Amino acid sequence: MGSSHIRDILTSFSPALDLFAISLGDGRTKIWDTAKGQVQTEFADIASTETSIFGKQEEGHLSMDYTCMKWLSLEKKKNEAWKFLLVLGTGGGDVLALDVSAGQLKWRVNNCHPGGVTAVSLPIQGSHIYTAGADGMVCEIDSMSGNLINKFSAASKAISSLAVSPDGNMIATAAAQLKIFNCSNHKKLQKFSGHPGPVRCMIFTEDGRYVLSSALGERYIAVWKIDGSKAKSASAFLAMDHPAVFLDSRCLNSENPDNAGLSVLAISETGVCYFWHGKTIDELHNSKPTKISVPCDDGVLQKNKGTVPNVFAAKLQNISEPACGHLFVAHGFLIKPTFEKVLVNSGTDVELNISQDVTALDSSNTEAALLPVPKMFDLNDGKSGIKLVGSKDRGELDSVTLCMEDRLRSLGILGNSDDALGTTLDSKRFKGINLDASTPHKKVKATVSSMEPSDAFTLLKGLVDVWHSRSHSGKHVLPWICCILVYHSDYVKSQEPKLLDFLYKVSNSKGPAINSLFQLSGRLQLVSAQINKATNNKQLVLEHDEQEDESEDEDVDEVVYGVDEDSQSSSDSDD
């Protein structure tokens, strides 16, 4: 069964709600047209600026690690359509701006936050973007050119979340404490404490009078009042069944600001949307949330191969009257979302219908299909030969991704042992080293650190040959190689420098094949799914034909050959 959590995906609606951006953690960003329900643009060829452990620049969309995203509206010129930029932060510390209409990268700020970008935010009207990172700094970037305008230190620890007030006058940062700064002079206006863990999402209300925040693992939303006082406690808490991953709010216009109604929207990490409304903060605190969810039963899970439908994005459009609002929701399945406008009344839960009939991989998603990182699975269980998978075992294998290396070894293409290394490991000096199973890191460290440099060098040569010949799994061999290089690197370099060159060449040769193997494996899964579907349809047709044959047999009258119909009817009447 698929996971129902959406905490690891990034989503964002454009200001006009006509575009929807989503990134599923594989380095690709899809832009959906919400009116047509189709993918408009996909960004998958942006090169990473990070380097591998061998000093080579990482390539491919799998090297991109997006951590946050936000839409930016560019200034509209006369007789021109609106243009939008999608601003993204990466785990490598870069900030990127994608020109969605042109389908290309507009600008990039490299290493803006060493250690990674954690948040990006901007005011409703303004030409500046604000970012925060693991370095505790807040950076101000020009939205048109990507030039770094200013930066200041907001915390001594990593900043987990950032928000800018709608008018652009205040910045809220969350690290060990939640702090409010003046945007112009970076002076601290107020600080709060109350979140024991890192804050995951945080926003200002439309009027800038409150900040809403929710931390990792907390099943509530805290409401903080910004008034310049020294009060450090939250004004209200809004309870949820699971932690929040997204927040939004709208204010109901009122002549008296103290009586202006406030509506709050949140999405939990299990894909359930919450809606609160209150005329005052106390009423908001005491109100019962309205839940918007997608029903999921065993039939839906079976039909979609365990994929769980969720509400994974939503925006409050307007509050027409107290306790009533319009939401624009993206729900259903991540590979084919449904976009819908929903009317919500406080106190009345809403269940959304699933209108899309999709499979885990359909024809529109076959291009560069990828699988998750494969898990290890032993086909042989210590015996030679291939284990044939019957219809009963097929369901068990669906939940396990088989390693390509193990498949080749089970077919006899790769060997299962190395004689030279076996002789080496049989000696007393290397007793206890097992390359057929994972060894705890502490045991590897203790064993290698206690070796003589010459013994470690002998073992290293055997391990490199084994990894190159694929006679043992790299998962079990590489930890030993890494530990030997850490503790005995000087001796290895003094004995045979060419061994390190050979190790680099072996590592370098395996890297380019990974993406191709993942794509091939994904396409093979697609073909297998289509074959299984065709087989099931054929079985249904055969069963239907058999039922028709049986019904026809029941309708056929019994005929006695060699006897006339008249005589048969007369004999029946005599009886």
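Keep in mind it's a predicted model, so treat the numbers as computed, not measured. (Residues numbered from 1 in each chain as written. Predicted model: local features only at pLDDT ≥ 70, side-chain atom pairs only at ≥ 80, totals over all residues. Heavy atoms only, no water.)

Asks: So what exactly am I meant to see when it comes to the overall build of the protein chain here?
Replies: On a plain count of helices and strands, the protein chain comes out with eleven helices and 28 strands. When burial is assessed residue by residue, the protein chain has 42% of its 575 residues classed as buried. Summarising the internal contacts of the protein chain: among those between residues at least 6 apart in sequence, 49% fall at separations of at least 24. Roughly 31,300 Å² of accessible area belongs to the protein chain as shown, and the carbon and sulfur atoms make up 49% of that amount. (Helix = DSSP H or I, 4+ residues; strand = E, 2+ residues; numbered from the N terminus. Buried < 20%, exposed > 50% of the residue type's maximum accessible area, 1.4 Å probe, protein only. Contact = heavy atoms within 4.5 Å. Areas by Shrake-Rupley, 256 points an atom, 1.4 Å probe, with all protein chains shown as cover.)

Asks: Help me understand unusual backbone geometry in this model?
Replies: Backbone phi values are negative for most residues with the exception of glycine, while trans is the configuration of most peptide bonds. At Leu17, a position not held by glycine, the phi torsion is positive, near 65°. Inspection of the secondary structure puts Leu17 in the loop between strand E1 (10–13) and strand E2 (19–23). For His186, which is not glycine, the phi dihedral falls at a positive 60°. By the secondary structure assignment, His186 is in the loop between strand E15 (178–182) and strand E16 (188–192).

Asks: Looking at this model, I keep getting lost on the pairing of strand E18 (residues 210–215). Mind explaining?
Replies: Side-chain positions along a regular strand alternate between the two faces of the sheet. Of all six residues in E18, six are buried, a share of seventy percent or more. Every second residue of E18 is oriented toward a common face, with Tyr210, Leu212 and Ser214 on one face and Val211, Ser213 and Ala215 on the other, all of them buried. Taken together, the five bridges between strand E17 (residues 199–204) and E18 define a ladder with antiparallel strand orientation. Note on E18: the bridge partner recorded for Val199 is Ala215. Linking E18 back to strand E19 (residues 220–225) in an antiparallel pair, the connection comprises four residues, with Gly217 at a positive phi of about 85°. (Pairing = 2+ DSSP bridges.)

Asks: Please clarify how the packing of helix H7 (residues 453–469) against helix H8 (residues 474–487) should be interpreted in this entry.
Replies: Pairs of packed helices are described in terms of their axes, by the angle between the two and the distance that separates them. Here H7 crosses H8 at 145°, and the two axes come no closer than 10 Å. As H7 runs across H8, the sense of the crossing is left-handed. Contacts between H7 and H8 involve Ala456, Leu459, Leu460, Leu463, Val464, Val466 and Trp467 from the former and Gly474, Val477, Leu478, Trp480, Ile481, Ile484 and Leu485 from the latter. Of the residues assigned to the contact of H7 with H8, the class counts are 13 nonpolar, one polar and no charged. (Axes fitted to C-alpha atoms, helices over the stretch in contact; angles between N-to-C directions. Left-handed = near helix turned anticlockwise from the far one by under 90°. Nonpolar A, V, L, I, M, F, W, Y, C, P; charged D, E, K, R; others polar.)

Asks: Where do I start with the side chain of Thr290 in this structure?
Replies: For Thr290, the position within the fold is in strand E24 (residues 290–293). Residue Thr290 is classed as buried on the basis of its relative accessible area, which comes to 0%. A polar contact is formed between the side chain of Thr290 and the backbone nitrogen of Gly347, at a distance of 2.7 Å. Excluding anything up to four places from it in sequence, Thr290 contacts Cys273, Tyr274, Phe275, Val344, Asn345, Ser346, Gly347, Thr348 and Asp349. (Polar contact = N/O pair within 3.5 Å; in protein donor to acceptor, adjacent residues only side chain to side chain.)

Asks: I would appreciate a short explanation of the packing of helix H6 (residues 441–449) against H8 in the present structure.
Replies: Axis separation between H6 and H8 bottoms out at 10 Å; the angle between their running directions is 45°. Taken together, the axes of H6 and H8 are oblique relative to one another. For the pair H6 and H8, the sense of crossing is right-handed. Only Pro479, Trp480, Cys483, Ile484 and Tyr487 of H8 make contact with H6, whose side of the interface consists of Val444, Lys445, Thr447, Val448 and Ser449. (Parallel < 35°, antiparallel > 145°, perpendicular 65-115°, else oblique.)

Asks: Hey, could you run me through the pattern of salt bridges in this one?
Replies: Where side chains of opposite charge bring their charged atoms close, a pairing between them can arise. Taken as a whole and assessed by the stated rule, the structure comprises ten salt bridges. Asp207 serves as the salt-bridge partner of Arg209, at 3.9 Å between the closest nitrogen and oxygen. Residue Arg209 is classed as partly exposed on the basis of its relative accessible area, which comes to 23%. Between Asp241 and Lys291 there is a salt bridge, with the nearest N and O atoms lying 2.5 Å from each other. (Salt bridge = Lys/Arg side-chain N within 4 Å of Asp/Glu carboxyl O.)

Asks: How should the nonpolar core be read in this particular structure?
Replies: Within the largest apolar cluster, 29 residues are counted, with the highest numbers of intra-cluster contacts made by Phe13, Phe20, Cys273, Ile292, Leu327 and Leu352. Of all the secondary-structure elements, those providing two or more residues to this core are E2, strand E22 (262–268), strand E23 (273–278), strand E25 (310–321), strand E26 (324–333) and strand E27 (336–345). Setting aside anything within four residues of it in sequence, one finds Phe13 in contact with Leu19, Phe20, Thr34, Trp71, Ala313, Ala314, Lys315, Phe328, Val329, Ala330 and Phe339. Grouped together as the second largest cluster of nonpolar side chains are 22 residues, Val466, Cys483, Leu503 and Val506 included. (Core = buried A, V, L, I, M, F, W, Y, C linked by side-chain atoms within 4.5 Å.)

Asks: Would you explain the sheet that holds strand E10 (residues 128–133) in this entry?
Replies: Strand pairing in a sheet is mediated by backbone hydrogen bonds. Such pairs are either parallel or antiparallel. Read from one edge to the other, the open sheet built from four strands follows the order E9-E10-E11-E12, with strand pairing classed as antiparallel. Only two strands of the sheet have a single partner each, and these edge strands are strand E9 (117–121) and strand E12 (148–153). Across the sheet, the mean angle from the axis of one strand to that of its neighbour is 20°, orientation sign disregarded. Summarising the sheet, strand E11 (residues 137–142) and E12 pair through five bridges and their orientation is antiparallel.

Asks: How should I be thinking about the confidence of the model for the protein chain in this particular structure?
Replies: Predicted coordinates in regions of low pLDDT should not be interpreted in detail. Summing up the model confidence of the protein chain, the mean pLDDT is 77 and the portion of residues at 70 or higher is 71%. Note on residues 356–402: pLDDT under 50 across the span, and 66 contacts to partners over four residues away in sequence or across chains. Counting interchain partners and residues more than four positions distant, the pLDDT-below-50 stretch residues 551–571 has three contacts. (pLDDT = per-residue confidence, 0-100.)

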